[in-house]
Amino acid sequence: MSGTFELDENGFRVLSGFLRERFGLHYPPQKRVELEKACRRAADGLDAAEFCRRVTSPSGSAALQRLINQLTVGETYFFRIQAHFDALKNVILPGIYKRRAAERRLRIWSAGCATGEEPYSVAMLILETLPDAGDWKIEFLATDINTDFLEAARAGVYREWSFRKVDDYWRGKYFEARGEGWQVGGEVRDIVGFVRANLLDERDNVLAAGPAPFDLILCRNVFIYFDDASIARVSALFRRYLAPGGWYVGGHVEPLVFTEGFDTVHFPGAFVYRKRTAEEVAAAPKRRRPRERPREPLYKRPRVSELEKMDRLVAAGEDARALEQLSKLSRAREDAEVCWRMGRILGNLGRYEEALEWCRRGVALDKTNAYVYYIAALIQDEMGQNEEAFENLRRSLYVEKDFVLGHFSMANYHRWRRDEGRAARSYRNVLKLLEGRDDGEEITGDGLTVGRLREIVNQIL
Ligand SMILES: C[S@@+](CC[C@H](N)C(=O)[O-])C[C@H]1O[C@@H](n2cnc3c(N)ncnc32)[C@H](O)[C@@H]1O
């Protein structure tokens, strides 16, 4: 391995553009060091120029695959987001069985399946809910671009961590102890086929699509890493490959991608999309096109003085007044800075659903704003949605790795789970990030200072 690997300006520009265009992997200049580290690990002795040449060569290469395997994040576990699995079990799957009863065929796609926990969870659910599953033709495609993840998925051996949200029933019924883990049983493994496919590569996806449309597509926690253009491309693909009446299950805070031709169906704790059938489209009243209005830019730099005023009101406990003023401001202009503040105030007032809606809006406007995820996490925590809260905290740190409040909340989360080691590490991160800062410096704009936070963390440690 080369210790001197460094990307020059041009190398970085070419490589980050290539990764974004071809894979949706977004490496802006502030993430350059991260990209360089991954390149160094994947370079396997090649110098930077040769490595970049091979990675970007039109025919693809082993170097490119090694880099992709370094860059992709495969966080996943069985039955992640219980609300989705409740909806699948109670409504979505039974509806699909009914529609396909004559032909006894199901087609499902788990896109961005990582190490396989997601498709295997759905496969187990099918075995539970479709008594004569053996007589059905089930085509269950699971795709990812990370070949290491796919290899692990095919082996199907999982450690304790993958079962962190699963009750013992599933492990007892569908897994066998294997070495230090558990292997998912053959009857479940036989249902799912794992294939390498890049969601942004038309050639891979034609292969993935097969002969008939899908009854169900899951693509959860994949878009979070994509820019808007890539999301639009992949959304169009799913729209095309879904059967009329078919379902699309996306991640929790991922931007809405379908509007025309889809219904948003709300379930407790989740919403999913259903593609309308031709009859439903024909029967739907024609919506009048909204009158063209001059378009606002999507992101406007906040006028700090106005927002600061709201923060002061919040700090003084005057949430109702802050809400009134911020609501007015939000009518004049919408940006993520306004959205997370709306979320914060509504959260303070106990109006959680509205607060979360503002956070979602904030994410749709600016996926790189750490505060929208952070505020959503605080609200979900209040609502007892611990899993979702944790996901959002992770996202806040993903988009801003030095986000002090994110590290602090993450530390509290680990402490709550009695994971002292991780908690201590996160608290130390907070102290490190506060090093050299003035005690009086404000952190949140609503009263929390560097000195106070340092004091709190030192008391805990
Ligand atoms: C965080 S995991 C999500 C796993 C699972 N869907 C879940 O929600 O638990 C995201 C996965 O998306 C995959 N991915 C990222 N970009 C992709 C692309 N362009 N094509 C296919 N998969 C991609 C990554 O390799 C990773 O395994």
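The structure displayed is predicted, hence computed values, not measured ones.

The subject of this paragraph is helix α15 (residues 336-348). With 13 residues, α15 ought to run about 18 Å at 1.5 Å a step, and its terminal C-alpha atoms sit 18 Å apart, in line with that. Burial of α15 is extensive: twelve of the 13 residues sit out of reach of the surface. Considered for burial, the residues of α15 that qualify are A336, E337, V338, C339, W340, R341, M342, G343, R344, I345, L346 and G347. One side-chain oxygen at the N-terminal end of α15 lies 2.9 Å from the backbone nitrogen of E337; it belongs to D335. Of the residues one or two after α15, G350 is the one with positive phi, at around 80°.

Before going further, it helps to spend a moment on the packing of aromatic side chains. Using the criterion set out here, one finds 27 aromatic pairs in the structure. Between F79 and F85, the ring centres sit 5.0 Å apart and the planes meet at 65°, which makes this aromatic pair edge-to-face. Accessibility expressed as a relative area gives 2% for F85, which makes it buried. A ring pair is formed by F163 and F175, whose centres lie 5.0 Å apart and whose planes are at 80°; its orientation type is edge-to-face. Taken together, the residues F163 in the loop between β3 (157-158) and α8 (168-174) and F175 in strand β4 (residues 175-178) connect sequence positions twelve residues apart. On the basis of relative accessible area, F163 is assigned to the buried category, the value being 4%. Three or more aromatic residues joined by ring pairs make a cluster, and in this case those are W109, F214, F223, F226, F238, Y241, Y248 and Y273.

The seven strands are arranged β6-β2-β1-β7-β8-β10-β9 in an open sheet whose pairing can be described as mixed. Each having just a single partner strand, β6 (192-196) and β9 (262-267) make up the two edges of the open sheet. Strand after strand, the sheet turns through a mean of 20° between neighbouring axes, direction not considered. Pairing of β9 with strand β10 (residues 270-275), which is carried by six bridges, proceeds in the antiparallel orientation. Counterpart to F262 in the pairing with β10 is K275. On the sheet, helix α5 (residues 82-99) packs against β1 (105-111), β7 (214-219), β8 (242-250), β9 and β10 and is oriented at approximately 170° with respect to β8.

Definitions and limits used
Residues numbered from 1 in each chain as written. Predicted model: local features only at pLDDT ≥ 70, side-chain atom pairs only at ≥ 80, totals over all residues. Heavy atoms only, no water. Helix = DSSP H or I, 4+ residues; strand = E, 2+ residues; numbered from the N terminus. Expected span 1.5 Å × (residues − 1). Buried < 20%, exposed > 50% of the residue type's maximum accessible area, 1.4 Å probe, protein only. Polar contact = N/O pair within 3.5 Å; in protein donor to acceptor, adjacent residues only side chain to side chain. Phe/Tyr/Trp six-rings, centres within 6.5 Å; stacked < 30°, edge-to-face > 60°. Pairing = 2+ DSSP bridges. Axes fitted to C-alpha atoms, helices over the stretch in contact; angles between N-to-C directions. Contact = heavy atoms within 4.5 Å.

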